[in-house]
Amino acid sequence: MLDTPAIVAAVSRRSDLAGWTIARRRRRSVQLYAIGRDVENVRHVDAEDFTVTVYHDHPWPDGRDGAPARGVASIKLVQNDTYNLDARLDEAVMMASLVNNPAWDLVAPAAYPEVPRADEAILAPGGATATAWRMADEVWHAIDREAGTGVRLSAAEHLVTITDHELVTSRGIHARDVSTHLAVEIALIARAGAGSADDEAETFRPVEARRLADLRLGAHVAEAATFARDTLRAEATPTHDGAVVIAAGALPALFDPFLFHTGAQAAVMKLARLTPGDRVTDGGDPLHLASDPTRPFGLDSHAFDGDGVPAQSVDLIRDGVVTSRHATSRYAQYLGVPVTGGRGATVVAGGPTSASALVAAHGAPIIEVVAFSSPNVDDITGDIGSEIRLAYLHLPGGVVRPLKGGAVAGNVFDAFRTARLSHEVHEALVSGFGDGGTYVGPRVARFEGLRVAGD
């Protein structure tokens, strides 16, 4: 049987390694898939795998003196690898021997913070299955409240996962935690009447959390139903050179370039355009941006990262000025900056203005984008070119019209210099279903420097 002690014994026997880490993940999942109110399938899946990372020191190919080059490679092992473990490790060492990086020290043991990530009700016997059914019931009840509005549930997938994570390293780290993860993907269809399929509009809503209460499925279904109805009656987006408001789930992707350029890895690769001390806002609301992996029950929270670095919150931008870099152990050593470990939730402070005031059209129309077909933001350049799935045209006098099509264009770094942020904050997914990053920040941001190309 393949288990952590067997792998530790195998890597410890080798004399050709400069170090190693073993990450074991054991997952127990329940998946409930429904078409409307008909349950098509309930699946129970148990899986376990091991990610083994090996470090290999060897002479530099160019013959340089000093410290040797260090190579790193990772392989994933499953139970079928029980009888060819040594061969798989040979494969990993061979790959690492072909990689040439400056050496760095592996992480030493440390104390880890308490970061709750598991719902005890789900961990209880039968808890995962019961939770999947409760999720389905909440969605069905929320759809019942939409009766008579022309919106119906097309399909819903409910996934409950319990993960037992263990990290063991050659430096003596032995850490473990257990987490729960809930994911729902809802597909809603709005229909104008008894016409053809051309009179239908569909909307998808991915929702993730670690606890059932944090899913807020009723609110998500209600908002998604509104989006579906509005998409059905939406007009083509006109070309617009005035103020643009980015709201709801469309906003988080616009912070990705700031996260990229405040990273130590980008600095080492000579790609970072931001340096501590640089001002990123000038005339708008000062930007406060942090990475926080210690938020209780956060999707990307952790007590320790993949290297074994203790989790910590780090301010990256404060009062509109870059204050520090987020840095894994390796890149912190390369750059000579403090180690902050793996990133957590993207946390952005709200501004002084209400969301309703930011979308109010006083004398000139405003376009508010609430959903992109696919956020297209270049992390390196900061350029935006995102197609609009749903937006709203706010006209003087309070008239609001739904829009679809067209695209938002501009540059994140230019746009945020004069951006204004709502004081209402909310939590949203940074990216879609199954890839749970978290954004906690303003629900609405108003930009004067973005453009909308009409459909």
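Counting from 1, residues in each chain are numbered in the order their sequence is written. Confidence filtering applies because this is a predicted model: local features only for residues at pLDDT of at least 70, side-chain atom pairs given and counted only at 80 or more, and all residues used for totals across whole chains, interfaces and linings. Each side-chain value is derived from all of the structure's non-hydrogen atoms; neither hydrogens nor water enter the calculation.

### Re the overall build of the protein chain
Under the scheme used here, helices are H or I runs from DSSP no shorter than 4 residues and strands are E runs no shorter than 2 residues, and both carry numbers assigned from the N terminus. When you go through the protein chain residue by residue, the secondary structure sums to eleven helices and 21 strands. For 455 residues, the compact-globule estimate of 2.2 N^0.38 gives 23 Å, and the C-alpha radius of gyration of the protein chain, at 25 Å, lies within 12% of that figure. We call a residue buried when its accessible area falls under 20% of the maximum for its residue type, exposed when it is over 50%, and partly exposed in between, using a 1.4 Å probe and counting protein chains only. A total of 455 residues make up the protein chain; the buried ones form 51% of that total. Restricting the contact set of the protein chain to residue pairs at least 6 apart, pairs at least 24 apart contribute 72%. The protein chains shown are the only cover counted for residues, whose accessible areas, like all others here, come from Shrake-Rupley with a 1.4 Å probe. Accessible surface computed for the protein chain: about 19900 Å², of which carbon and sulfur atoms make up 50%. Computation of the radius of gyration draws on C-alpha atoms, with the globule rule given as 2.2 Å multiplied by the number of residues to the power 0.38. Residues count as neighbours in contact if any of their non-hydrogen atoms are within 4.5 Å of one another.

### A few points about the environment of Val139
Within the secondary structure, Val139 sits in helix α4 (residues 127-144). Accessibility expressed as a relative area gives 1% for Val139, which makes it buried. The spatial distance from the C-alpha of Val139 to the C-alpha of Trp104 is 50 Å, given a sequence separation of 35 residues. Setting aside residues no more than four positions away along its own chain, Val139 makes contact with Leu153, His158, Val184, Ile186 and Leu217.

### Some words on the sheet that holds strand β3 (residues 69-77)
Read from one edge to the other, the open sheet built from six strands follows the order β3-β2-β1-β4-β5-β6, with strand pairing classed as antiparallel. This sheet does not close on itself; its edge strands, each paired only once, are β3 and β6 (200-209). For this sheet the average axis-to-axis angle between neighbouring strands, irrespective of direction, equals 15 degrees. Between the N-to-C directions of two axes lies an angle of 0 to 180 degrees, each axis being a line fitted to C-alpha atoms and, for a helix, fitted only over the stretch in contact. Against the sheet, helix α2 (residues 85-97) makes contact with β2 (38-58) and β3, and its axis sits at roughly 145 degrees relative to β3, the strand it touches most. The pairing criterion for strands is at least two bridges between them, as found by DSSP.

### Looking at empty space enclosed by the protein
Grid spacing is 1 Å over the protein atoms alone, the probe is 1.4 Å, and a cavity is where that probe fits but cannot get out, while a pocket is an open set with protein on both sides within 12 Å along at least five of seven lines and lining residues have an atom within 4 Å of a point. Grid points are joined across faces, edges and corners, and a volume is the space filled by probe spheres set on the points. Considering all chains together, one arrives at one cavity of 30 Å³ or more under this definition. Taken together, 13 residues make up the lining of the largest cavity; nearest its centre are Tyr55, Trp104, Leu106, Val107 and Asp307. Of all the elements in the fold, those that place two or more residues in the lining of the largest cavity are β1 (19-35) and α9 (329-335). For this classification, the nonpolar set comprises Ala, Val, Leu, Ile, Met, Phe, Trp, Tyr, Cys and Pro, the charged set comprises Asp, Glu, Lys and Arg, and every other residue, Gly included, is treated as polar. Across the lining of the largest cavity, the residue classes break down as five nonpolar, four polar and four charged.

### Concerning the side chain of His240
Secondary-structure assignment places His240 in the loop between β7 (235-236) and β8 (244-247). Not counting chain neighbours up to four residues away, the residues in contact with His240 comprise Pro365, Ile366, Ile367, Arg451 and Val452.

### Looking at the packing of helix α1 (residues 4-12) against α2
Put simply, α1 and α2 touch, their axes get as near as 11 Å, and they point 55 degrees apart. Looking at the two axes, α1 sits oblique to α2. The two elements α1 and α2 meet at a crossing, and its hand is right-handed. Touching Ala6, Ile7, Ala10 and Val11 of α1 are Leu85, Asp86 and Leu89, all from α2. Taken together, the residues of the contact of α1 with α2 sort by class into six nonpolar, no polar and one charged. Note on terminology: angles under 35 degrees are roughly parallel, angles over 145 are roughly antiparallel, angles of 65 to 115 are roughly perpendicular, and the others are oblique. When the near helix sits turned anticlockwise from the far one by under a right angle, the crossing is termed left-handed; a clockwise turn instead gives a right-handed crossing.

### Side note on the pairing of strand β4 (residues 151-169)
Counted residue by residue, β4 has 17 buried out of 19 residues, so it is predominantly covered. For β4 and strand β5 (residues 174-191), the ladder comprises 17 bridges, and the chain directions are antiparallel. Following the sheet pairing, Ala156 is matched in β5 by Ile186. Hairpin connection between β4 and β5: a loop of four residues separates the two successive antiparallel strands, and Gly172 in this loop has a positive phi of roughly 105 degrees.

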